[in-house]
Amino acid sequence: MSLFKAEEISVRFGGIRAVDSVSFEVQQGEVFSIIGPNGAGKTTIFNLISRIYNTTDGKLIFNGQDITRTPPYKIAGLGIARTFQNIELFANASLLQNLLIGRHCHSKVGFLSQIAFLPSTRTEERRHRERAEDVISFLGLERYRDTLIANLPYGVRKVVELGRALCTEPRLLLLDEPSSGLNVEETEGMGFWIEDIKKDLGITVIMVEHDMSLVSQVSDRVMALNYGRVLAMGEPREVQTHPEVVKAYIGGETEE
Amino acid sequence: MRYLFRTDYAQDMAAWRHGGDIFWYGLLAVVMLVLPFLLGEFYIGELGGVFIFAIAGVGLMLLVGYTGLISLGHAAFLGIGAYTNSVLLAQGVPFLITLPVAGLFTAACGAAIGLPTLRMSGLYLAIATLAFGSIVGTIFQKWNSVTGGFDGFAVPTPYVFGIPIEGATGVYYVSLAVLVFVLWMSLNLLRTPLGRAMVAIRDSEVSAQSMGIHLARYKAMSFAISAGMTGLAGALFAHYVRYLAPDAFDVLLSVQFVTIVFVGGLGSIHGAIFGALFVRLLPQFIAIIRDDLPFGLGRTPGLEPSLFGIVLVLVILFQPGGIFGLWLKTKHWFQAFPLKRKASFRRQKSYAKSERLR
């Protein structure tokens, strides 16, 4: 059974069809990449999955459950975490606090228990802290633990965002351009993290990416989009050499 | 310099960072407790006023400094707390019940305001809360049967365990107790998921949401907590002024609260205390120097509000960390002496400049 399935999803903004009946399935444990030129609708698909936008048509199914109309704040609790293209960290909080916010969907203590800092809250906080510490050592972020995000270099922030997503203990991880703004070495490092996340943590990944070397390094399957439509889907090499994909990137005569 | 060696996660959760904290705050508590025996009635009264404003300041700080929502209507919450407390007291309800009821009722009002204003932020929220403030002000004026209208009414003397809370000293101790309670609550709040959710909403709503934070619920909650604390301050304020009249709760008071938050230092609980000291003591300072000012400046009407305005603008321009930020810098200067560098407190802005990174 597939972990995630999009059935004929579409979204219209006014007259523009940003995503036009796109269907795909993601299997448990694979890395699925979405590529395409700017404005192809890649990030829009992420925003549809994380329910920031409403789908106009179609169905989203995660783990056998229809999430097409699930409110956005419940998505993390179901096991879908994401990162953002332009980094949406909590800039005036420390790295540790950012990771602990990632634990939010796992906190169960009530309001009064928190206000009074009862033993139940203390126990839970300690558990959150342990989980956050696991992520810190997994990603090697120890030296930045108490640094404000605003004082961290861009490359580190990218990793922190990955860490924050991991703190939610997701089954499906959505990575929106994990390599954007990173240099070659950092991009390579990001590739290794993604492979580790897949192999060691067993998390399924959907990734939007422009860097083809990263795409071929980590993806099991690739979907190419243009103007909100699927151009090709399959093995990375297969998709990259697909004539439609080449045309979308390099340009060429259109058939119409 | 002090280096902290941490061997346990509980250390990060603890209310005190190290023994020095316990010593200094303990000393402060002792000083505060014996102060009424050392100082005159006038100063104790003024300090009581500082405590009351600090309580409201902490409340507003949670909303503005931590959740990132502005409110220009907090004078209304202070008023709701004051009237709820005093009206109930006049009905013969004991003070130990009217005080929490005033807090809870104001919190409920805060949540009620919080819900419809959730979609607003920034300037729009400021205007909406400003409007709320003036609506509530009008209600205080017109609802004669309850509030006594423009004439107002004298606030009855409260009793705690049979002891009357009278005069400056009584208000001082009760306010101190409530301030400590409010500080304890805020401290707990800020080290639990609730406080972190507030910070998350302040810094990035979209990612807060995708981390599983229910924006509407947490915004309403932080409005309620903030209003509730201000309501408690209001109940005490009624006993501080001893005679309730609607004109006490005008926009200028709301602006004073905002000044507390900004001048004290946005995003720090200490800041709320420093800000309250500033806001309460500046008028006294003006009163002292008023006669010595040149060009008849001392007799100019509106000297006080304009000074508040000027200080607010200057702080925002030149000292965004407020008084607390200044204190941190001073502390750092002494700790690092003589190695202080100018860049120590400068935020690094950007590493790569492109349209992608704002």
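Criteria and thresholds
- Residues numbered from 1 in each chain as written.
- Chains lettered and ligands numbered in written order.
- Predicted model: local features only at pLDDT ≥ 70, side-chain atom pairs only at ≥ 80, totals over all residues.
- Helix = DSSP H or I, 4+ residues; strand = E, 2+ residues; numbered from the N terminus.
- Expected span 1.5 Å × (residues − 1).
- Buried ≥ 20, exposed ≤ 12 C-beta atoms within 10 Å, placed from the backbone.
- Contact = placed C-beta atoms within 7 Å.
- Domains from an automatic or database assignment.
- Pairing = 2+ DSSP bridges.
- Axes fitted to C-alpha atoms, helices over the stretch in contact; angles between N-to-C directions.

(A) Representation of helix α6 (residues 154-167) of chain A within the structure. Residues and elements named next belong to chain A. The end-to-end C-alpha distance of α6 is 20 Å, a good match for the 20 Å that 14 residues give at a rise of 1.5 Å each. Of all 14 residues in α6, 11 are buried, a share of seventy percent or more. Every buried residue belonging to α6 is among Arg-157, Lys-158, Val-159, Val-160, Glu-161, Leu-162, Gly-163, Arg-164, Ala-165, Leu-166 and Cys-167, and all of these are buried. Residues of α6 that are buried make contact with β6 (80-82), α3 (95-102), α5 (119-139), β7 (172-176) and α7 (184-199). Just downstream of α6, Glu-169 is the residue with a positive phi angle, here 50°.

(B) Molecular detail of the domain arrangement of chain A. All names here are of chain A. Considered domain by domain, chain A is made up of domain 1 (1-79 + 170-256) and domain 2 (90-168). For domain 1 and domain 2, the distance between their C-alpha centroids amounts to 27 Å. Contacts between the two partners involve 10 residues from domain 1 and, on the opposite side, 8 residues from domain 2. Looking at the side of domain 1 that touches domain 2, the elements that each hand over two or more residues are α2 (75-78) and α7. In terms of residue count, the dominant contributor to the side of domain 1 that touches domain 2 is α7 (3 residues).

(C) Region of interest: the interface of chain B and chain A. Residue-level contacts link 30 residues of chain B with 38 residues of chain A. Counting only elements with at least two residues in the side of chain B that touches chain A, the list comes to α1 (9-13), α8 (167-190), α9 (193-203) and α10 (205-210) of chain B. Per element, the largest residue contribution to the side of chain B that touches chain A is 7 residues, and it comes from α9 of chain B.

(D) Seen up close, the sheet that holds strand β1 (residues 2-13) of chain A. Residue and element names in this part refer to chain A. Here 4 strands make up an open sheet; going across it, the order is β2-β1-β4-β5 and the pairing antiparallel. Lying at the two open borders of the sheet, with one neighbouring strand each, are β2 (16-27) and β5 (65-66). In the sheet, strand β4 (residues 57-62) pairs with β5 via 2 bridges, with the strands oriented antiparallel. The residue of β5 that forms the bridge with Ile-61 is Asp-66. On the sheet, helix α1 (residues 42-49) packs against β1, β2 and β4 and is oriented at approximately 70° with respect to β2.

(E) A look at the environment of His-106 of chain A. Residues and elements named next belong to chain A. By secondary structure assignment, the location of His-106 is in the loop between α3 and α4 (111-116). By C-beta crowding, His-106 is classed as partly exposed, having 17 other C-beta atoms within 10 Å. For the pair formed by His-106 and Glu-169, sequence separation is 63 residues and the distance between their alpha carbons is 9.0 Å.

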